[in-house]
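# Survey of secondary and tertiary structure
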Amino acid sequence: MKAIALPALALLMLLVACGSEKKLEVVTLPVASDPTISLRLWFKVGSQNDPSGKEGLAALTAQMIADASTKKNSYEQILEKLYPMAAGYSAQVDKEMTIIMGRVHKDNLEAYYKLFVQAVLEPAFREDDFARLKSQQLNYLERTLRYQDDEELGKEALSQFIFAGTPYAHPVAGLIESVKSITLDDVRAFYRKYYTKDNVVVGIGGSFDKQFVDRLCRDLARLPSGVPEQPAPPEPAPIEGLQVLLIEKDTESTAISFGFPLDIVRGASDFHALWLVNSWLGEHRNSSSHLYQVIREARGMNYGDYSYIEAFPRGSRLQFPPSNVARRKQLFQVWIRPVRNEARHFALRAAVRELQKLVDNGLSQEAFELTAQFLKKYYLHFAPTTMERLGYALDDVFYGLDENFLNEFPKHIDELTLPEVNAAARRHLQYQNMKIVMVTKDAEALKKALVANAPSPMKYATPKPKAVLEEDKEIAVYRLPVRPENIQVVKVEEMFVR
């Protein structure tokens with residue numbers, strides 16, 4: 001057992017016997033002042049474990065646990081019982097992690113706990129639930145992702161493009177034909193293989209007592225034994241030059257994403273330096289970021305422009321970094337929210353040019369100090385609730401950290417120097433070898449413009465300062481060396497199929 005000191009909270013990592021031969025890993029976050037109990041069960045399985053031809057099985061199995069009937073209660077009965085508690089439970093699946101989580105007021109713990117544990121230990125796997133959830137998953141792939149959310153479409157396509165040929169490639173929701181092929185027996189077999197007492201880390205937060213921890217562990221010890229084999233970390237193929245995927249779609253605006261694999265993860269020596277660099281370049285949903293200032297603030301081209309050094313799924317709906325999407329392989333990516341189609345080439349040039357300036361020139365002393373001061377306050381928003389801090393604690397276990405990431409964050413930022421930060425940027429970021437995805441109309445015309453490196457002058461509806469217009473002349477002819485054989489054009493109807 002090891003204890004990590006926090007300013008106000010005591011985070012403990014325990015190994016609890018619970019009557020089983022192999023002790024369960026338990027992370028506790030006691031908060032006496034919090035009247036709720038937070039639960040996060042991390043099963044070490046994700047979309048990387050989907051069998052070939054059954055992509056989407058991990059996601060569908062998790063939903064059959066968290067959003068379906070148990071052997072004791074129908075789905076409707078569960079909803080009726082949860083409603084007066086103002087509580088619920090849900091599943092979150094990423095490439096390597098599946099979380100079954102829920103929170104309830106301590107006064108309702110007894111009634112809630114029975115429902116929560118039954119969901120994990122006694123899922124009914126009924127045909128009607130299976131048909132409903134499978135239909136939802138297919139609708140997301142066939143309609144929502146393709147036709148209702150160009151931003152998520154572009155980001156999902158970029159991940160698929162970069163990690164092609166690896167278990168990270170397909171969306172967590174799967175591929176259309178694969179989801180169609182999943183049977184209820186597939187779900188049952190996947191559950192038996194991965195939802196074992198040897199494959200779970202238990203997270204408990206809030207005003208619980210030791211008896212509750214023991215009870216939960218005893219119940220989870222009823223899960224079968226088994227340590228499933230895990231795939232090796234993905235090794236995406238090296239990227240040579242700028243490789244472009246244009247997704248043809250009848251749309252008035254163009255979503256742009258680009259990036260490359262990143263070898264650095266939490267715990268690496270350069271991680272906090274790169275976090276600071278990325279915050280300056282493109283802090284998510286924040287007007288302080290440099291890309292935001294260049295593309296939106298100065299030119300009014302779109303809603304926002306961000307960059308990332310860690311996976312950030314559901315970015316259009318989240319303000320702060322999500323927890324429990326930890327991965328052994330990350331990617332650096334830039335997300336340019338939709339711009340008018342006539343501005344697409346210019347916007348891509350502007351973003352890549354800023355990345356080049358960052359890598360070549362580094363941050364100024366002023367930018368470094370300002371970003372460090374910003375981050376030492378901004379990180380407090382990452383996890384304001386017990387449930388969210390518990391998620392970060394589980395991520396600490398995933399990455400094998402011997403310290404609390406959130407608690408130590410400001411200390412690491414304080415220790416950084418400008419030369420260290422700029423050196424980290426040069427080591428880990430680059431602009432020559434990247435993959436680019438653009439969801440756009442008349443993709444063939446854009447392909448010709450990219451191959452020809454045709455000028456892309458900007459036209460504004462409102463007057464702009466002289467300095468902006470002068471810089472636009474440089475951006476409009478900024479060279480993006482794209483070879484014709486490195487551009488693919490696909491129809492949106494061809495996305496997410498095998």
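These lines cover the structure that appears in this document, whether it is placed above or below. (Residues numbered from 1 in each chain as written. Predicted model: local features only at pLDDT ≥ 70, side-chain atom pairs only at ≥ 80, totals over all residues. Heavy atoms only, no water.)

### Observations concerning the packing of aromatic side chains
Under the definition given, this model contains 26 aromatic pairs. Grouping aromatic residues by their ring pairs yields a cluster made of Phe 271, Trp 275, Phe 320, Phe 374, Tyr 378, Tyr 379, Phe 382, Tyr 392, Phe 405 and Phe 409. The ring of Trp 42 has Lys 44 sitting right over it, with the charged end atom 5.4 Å from the ring centre. Lying across the ring of Phe 405, Arg 266 places its NZ or CZ 4.3 Å from the centre. (Phe/Tyr/Trp six-rings, centres within 6.5 Å; stacked < 30°, edge-to-face > 60°. Lys NZ or Arg CZ within 6 Å of the ring centre and 35° of its normal.)

### Considering helix α17 (residues 466–475)
Along α17, the residues that are buried comprise Val 468, Asp 472 and Ile 475. Projection of α17 onto a plane perpendicular to its axis shows the buried side chains occupying an angular sector of 60°, all on one side. Away from its buried face, by an angle of more than 90 degrees, α17 presents the exposed residues Lys 466, Ala 467 and Lys 473. Of the surrounding elements, those touching the buried residues of α17 are α11 (344–361). (Buried < 20%, exposed > 50% of the residue type's maximum accessible area, 1.4 Å probe, protein only. Helix = DSSP H or I, 4+ residues; strand = E, 2+ residues; numbered from the N terminus. Arc of directions from axis to C-beta. Contact = heavy atoms within 4.5 Å.)

### Observations concerning the packing of helix α9 (residues 271–282) against helix α14 (residues 405–415)
Contact geometry for α9 and α14: axes closest at 10 Å, N-to-C directions at 80°. Compared by their axis directions, α9 and α14 come out roughly perpendicular. Across the interface between the two elements, Phe 271, His 272, Trp 275 and Leu 276 from α9 touch Phe 405, Phe 409, His 412 and Ile 413 from α14. Tallied by class, the residues present in the contact of α9 with α14 amount to 6 nonpolar, 2 polar and no charged. (Axes fitted to C-alpha atoms, helices over the stretch in contact; angles between N-to-C directions. Parallel < 35°, antiparallel > 145°, perpendicular 65-115°, else oblique. Nonpolar A, V, L, I, M, F, W, Y, C, P; charged D, E, K, R; others polar.)

### Concerning the side chain of Gln 118
Here Gln 118 lies in helix α3 (residues 109–121). By relative accessible area, Gln 118 is classed as buried at 13%. Discounting residues that sit within four places of it in the chain, Gln 118 has contacts with Thr 70, Lys 72, Asn 73 and Pro 123.

### A few points about the side chain of Arg 349
By secondary structure assignment, the location of Arg 349 is in helix α11. One buried charge, Arg 349, has no salt-bridge partner; the nearest side chain with opposite charge is Asp 472, at 11 Å. Filtering out sequence-adjacent residues up to four positions away, Arg 349 remains in contact with Asn 453, Ala 454, Pro 455, Ser 456, Ile 475, Ala 476, Val 477, Tyr 478 and Leu 480. (Lys, Arg positive; Asp, Glu negative; His and termini not counted. Salt bridge = Lys/Arg side-chain N within 4 Å of Asp/Glu carboxyl O.)

### Things to note about the sheet that holds strand β9 (residues 253–262)
Spatial strand order, β10-β11-β9-β12-β8-β13: 6 strands in an open sheet with mixed pairing. Each of the sheet's edge strands pairs with one partner strand only, and the pair in question is β10 (305–308) and β13 (487–491). On average, adjacent strands in this sheet sit at an angle of 15° to one another, irrespective of strand direction. Bridge count between β9 and strand β12 (residues 434–440): 5 bridges; the pairing is antiparallel. Considered in β12, the bridge of Ser 257 is made with Val 437. Against the sheet, helix α5 (residues 150–162) contacts β8 (242–248), β9, β11 (330–340), β12 and β13, and its axis sits at roughly 150° relative to β12. (Pairing = 2+ DSSP bridges.)

### Describing the pattern of salt bridges
Applying the stated criterion across every chain, the model contains 35 salt bridges. Between Arg 132 and Asp 67 there is a salt bridge, with the nearest N and O atoms lying 3.7 Å from each other. Within this pair, whereas Arg 132 is found in helix α4 (residues 127–148), its partner Asp 67 is found in the loop between α1 (57–66) and α2 (75–82), the two being separated by 65 residues in sequence. The partner of Lys 411 in a salt bridge is Glu 408, with the nearest N and O atoms 3.3 Å apart. Residue Lys 411 and its partner Glu 408 are both found in helix α14; the two are separated by 3 residues, about one turn of the helix. On the basis of relative accessibility, which here comes to 38%, the residue Lys 411 falls in the partly exposed class. Salt bridges sharing partners connect three or more residues here, namely Arg 299, Arg 353, Glu 354, Lys 357, Glu 471, Asp 472 and Glu 474.

### Points about the pairing of β12
Most of β12 sits inside the fold, with 7 of its 7 residues counted as buried. Here β12 shows no split at all, with Met 434, Ile 436, Met 438 and Thr 440 on one side and Lys 435, Val 437 and Val 439 on the other all buried. Here 7 bridges tie β8 to β12, and the two strands are oriented parallel to one another. Across the sheet, the residue bridging to Val 244 is Ile 436, located in β12.

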